[in-house]
Amino acid sequence: MTETPAATPLRLFNSLTRQLEEFRPVHAGEARVYTCGPTVYNYPHIGNMRAYVFADTLGRVLSFKGYQLRHVINITDVGHLTDDADAGEDKMEKMAAAKAQSIWDIAQHYTQAYWADVKALNIRQPAHWSIATDYVPQMIAFAQSIAGKHCYELESGLYFDTSTVADYGRLARAATEEGEGRIEAVEGKRNAADFAIWRKTPPGEKRQMEWDSPWGKGAPGWHLECSVMSRELLGLPFDIHTGGIDHREIHHPNEIAQNQAITGCGSLDCAEHSGARVWMHNNFLIDRTGKMSKSSGEFLRLQLLIDKGFHPLAYRMLCLQAHYRSELEFSWDNLAAALTRLKRMVMAVAQIKARHAELGSASITPFDPHPWTLNQGQGDMGGKFAPLIERFHAAISDDLGTAVALTIFDEVLALKKTDPGEKLKMIEVMDAVLGFGLLELDRASLRIRPKSATLTESEIEAELDRRAEARAAKDFATSDAIRDSLASRGVEVMDGDPLRWEWKLDLG
Ligand code: AMP
Ligand code: ZN
């Protein structure tokens, strides 16, 4: 018997148990997801953005499966130290000092820059962007209610005693005591892994961001922020907590310890005591060009890709072609290949649209990222599309198998002798998960003129026309001269380009 979509369970890899588990929502029909967001002291690099493309894909899959999604992403505008340890500087204070700007201006500027990247990558808006500085009173109240049993005060702040909760560090699977130096020593700490939940302003100093608290003036610890905001906005336990794999080592074990403290300390054998039922982590984007470090001047941020003539959704494609739990190596060639794949899809869709128009069919439904739940969709899925949508559904339900889903999507595009209107509907349904907005993209919008190119598109096209004429007249000397002159101005002519895209940025 063919498996129906509704019978395909969603299986997700839970970092806490290191196992694939069937997703069972805490509240029937709902999915509540918290994603650790950026610390807005600098532009995000494209590795950071992989974490949000992953969280967005998870959200889209949950929507596809018919869950009412409540997604929260936080913005950390206070409290994140430079080295995840307790002795570093506050990243925000440091950048504000370096730029001689107020912390509030720094936060505002980089939050806007992050949101621009979110938009460019078609990452859907979450239900809430929670801004850490909006929740300081709640953070103080949280700390107060666990302080008696779980914390101790030192000169530098209020510290969480990690020996007071069961299974501390299980998520990291690391030794917690000697801890391979994983947390820098602060004098007086009871255990190496203990961490500050409130950092006192040193006597005689004034921080730009500081609040009164029972422990004196100071600022909340980074780990406390996420425990408080997820609890406030989603309630404990909620369904899924996401972040990059580095958070599996310190930040999330510390969040879990605080959640255990506030909920009564149960053992992690019951995953709900951790605050979220499922903890998910994307693996890293690896870059061997050395440009991903935020201290390297021109670092790999989305705008750099755009400046070099790549449409930002090529980066989304690059992410989706890999499994989120695999390392993904960045290279300009990989990005160019991802862009080519996206172009092929856009051209295929254009052809289907043209056929649809030729047949005089009714206009295509405008793109809506939430068009479909399984119940609504089933009626339309007859004939040739049914096995494809089932395989697509199985792929994304298998721990977000986007790489496989993309190949099935390619099969849909290539399917012959189908009604173009129905095919466009199928594309819309699948694209709502993949998130390219394919029905809206066109050839022209994908071709971005590289910043370094000194020619306009129309100048390039005019040169190409001249070259085509020269070639037609077998005047290869002129044709080569035009190619060389374009190359010297940053434009590479692509003879024999199967997509007939004709030119692209020469990346040198
Ligand atoms: P941050 O702003 O440093 O807190 O990082 C934002 C998000 O990006 C976190 O979820 C990190 O775990 C994640 N992240 C950092 N570096 C990378 C990388 N190279 N690849 C993928 N995710 C990353
Ligand atoms: Zn967090």
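As the structure is a computational prediction, the values presented were derived from the model and not from experiment. (Residues numbered from 1 in each chain as written. Chains lettered and ligands numbered in written order. Predicted model: local features only at pLDDT ≥ 70, side-chain atom pairs only at ≥ 80, totals over all residues. Heavy atoms only, no water.)

> Would you take a moment to explain the packing of aromatic side chains for this structure?
Think of a pair of aromatic rings as described by two things: how far the centres are apart, and how the planes are tilted against each other in angle. Here the structure, examined in full by the defined rule, presents 13 aromatic pairs. Where Trp-198 meets Trp-215, the ring centres are 6.0 Å apart and the plane angle is 45 degrees; that geometry is what we call tilted. Here Trp-198, found in strand E8 (residues 195–200), pairs with Trp-215, found in the loop between E8 and strand E9 (218–220); they are 17 residues apart in sequence, far enough to count as distant. Taking the relative accessible area as the measure of exposure, Trp-198 reaches 0% and is therefore buried. Residue classification places Trp-215 among the buried positions, given a relative accessible area of 9%. (Phe/Tyr/Trp six-rings, centres within 6.5 Å; stacked < 30°, edge-to-face > 60°. Helix = DSSP H or I, 4+ residues; strand = E, 2+ residues; numbered from the N terminus. Buried < 20%, exposed > 50% of the residue type's maximum accessible area, 1.4 Å probe, protein only.)

> Looking at this structure, I do not really get the packing of helix H4 (residues 136–150) against helix H5 (residues 222–234). What am I missing?
Between two packed helices, the angle of one axis relative to the other and the distance separating the axes together describe the packing. In the contact formed by H4 and H5, the axes pass within 9 Å of each other and the chain directions differ by 100 degrees. By the angle class used here, H4 and H5 are roughly perpendicular. Here Gln-138, Met-139, Phe-142 and Ala-143 of H4 come into contact with H5, specifically with Leu-224, Glu-225, Ser-227, Val-228, Arg-231 and Glu-232. Within the contact of H4 with H5, the residues separate by chemical class into 5 nonpolar, 2 polar and 3 charged. (Axes fitted to C-alpha atoms, helices over the stretch in contact; angles between N-to-C directions. Parallel < 35°, antiparallel > 145°, perpendicular 65-115°, else oblique. Contact = heavy atoms within 4.5 Å. Nonpolar A, V, L, I, M, F, W, Y, C, P; charged D, E, K, R; others polar.)

> Would you mind going over the site of ligand 1 with me for this structure?
Close to ligand 1 lie 18 residues; Gly-47, Asn-48, Gly-244, Asp-246 and Leu-285 are nearest. With respect to ligand 1, the backbone of Thr-39 contributes an N or O atom lying 3.2 Å from an oxygen atom. Separating an oxygen atom of ligand 1 from a side-chain N or O atom of Asp-246 is a distance of 2.3 Å. Broken down by secondary-structure element, the contributors of at least two residues to the shell around ligand 1 are helix H1 (46–64) and strand E10 (238–244). The element contributing the most residues to the shell around ligand 1 is H1, with 4 residues. (Near = heavy atom within 4 Å. Polar contact = N/O pair within 3.5 Å; in protein donor to acceptor, adjacent residues only side chain to side chain.)

> Help me understand helix H2 (residues 91–99), please; the structure alone is not making it clear to me.
Three or four residues apart is the spacing at which side chains of an α-helix point the same way, because the helix has 3.6 residues per turn. Regarding H2, the residues found buried are Lys-91, Met-92, Met-95 and Ala-96. Along the long axis of H2, the arc covered by the buried residues comes to 130 degrees, so they all point the same way. For H2, exposure combined with an orientation more than 90 degrees from the buried face picks out Ala-97 and Ala-98. On its buried face, H2 sits against helix H3 (103–120). Ala-100 lies just past H2 and shows a positive phi near 50 degrees. (Arc of directions from axis to C-beta.)

> Please explain the sheet that holds strand E11 (residues 276–282) as it appears in this structure.
Two pairing modes exist for strands in a sheet, parallel and antiparallel, and in both the strands are linked by backbone hydrogen bonds. Pairing within the open sheet is parallel, and its 5 strands lie in the order E5-E4-E3-E10-E11. Of all strands in the sheet, those bounded by a partner on one side alone are strand E5 (128–131) and E11. Pairwise comparison of adjacent strand axes, ignoring direction, gives a mean angle of 20 degrees for this sheet. Two elements, strand E3 (residues 30–35) and strand E4 (residues 68–75), share 6 bridges in a ladder whose sense is parallel. By the bridge assignment for E4, Arg-32 is matched with Arg-70. Sitting on the sheet, H3 touches E4 and E5, and the angle it makes with E4 is about 145 degrees. (Pairing = 2+ DSSP bridges.)

> Is there a simple way to think about the packing of helix H9 (residues 332–358) against helix H13 (residues 420–434) in this case?
Interhelical geometry of H9 versus H13 gives an angle of 145 degrees and a closest axis separation of 9 Å. Here H9 runs over H13; the crossing is left-handed. Contact residues: Val-349, Ile-352, Lys-353, Arg-355 and His-356 in H9; Pro-420, Gly-421, Lys-423, Leu-424 and Ile-427 in H13. Here the contact of H9 with H13 is built from residues that sort into 5 nonpolar, 2 polar and 3 charged. (Left-handed = near helix turned anticlockwise from the far one by under 90°.)

> What is the right way to read empty space enclosed by the protein from this model?
Empty space among the atoms can be located by rolling a probe the size of a water molecule over them. On inspection of all chains with the given rule, the structure shows 2 cavities of 30 Å³ or more. Around the largest cavity sit Arg-50, Val-53, Phe-54, Thr-57, Cys-319, Leu-320, Ala-322, His-323, Tyr-324, Leu-400 and Thr-402, which together line it. Going through the elements one at a time, H1 and helix H8 (312–321) are the ones with two or more residues in the lining of the largest cavity. With 4 residues, H1 is the single largest residue contributor to the lining of the largest cavity. For the lining of the largest cavity, the residue count by class is 7 nonpolar, 3 polar and 1 charged. Residue assignment places the lining of the largest cavity across two domains, with domain 1 (11–302) and domain 2 (308–444) each supplying three or more. (1 Å grid on protein atoms, 1.4 Å probe; cavity = no way out; pocket = protein on both sides within 12 Å on 5 of 7 lines; lining within 4 Å. Points joined across faces, edges and corners; volume = space filled by probe spheres on them. Domains from an automatic or database assignment.)

> Quick question: what am I supposed to make of unusual backbone geometry here?
Only a minority of non-glycine residues have a phi that is not negative, and only a minority of peptide bonds are not trans. Put simply, Leu-236 and Pro-237 share a cis peptide bond, and its omega is -10 degrees. Along the chain, Pro-237 turns up in the loop between H5 and E10. Not every positive phi belongs to a glycine, and Asp-167 is a case in point at roughly 60 degrees. Secondary-structure assignment places Asp-167 in the loop between strand E7 (157–160) and E8. Judged by its relative accessible area of 27%, Asp-167 is partly exposed. A positive phi is found at Asp-399, a non-glycine position, where the angle reads about 55 degrees. Structurally, Asp-399 can be placed in the loop between helix H11 (385–397) and helix H12 (402–414).

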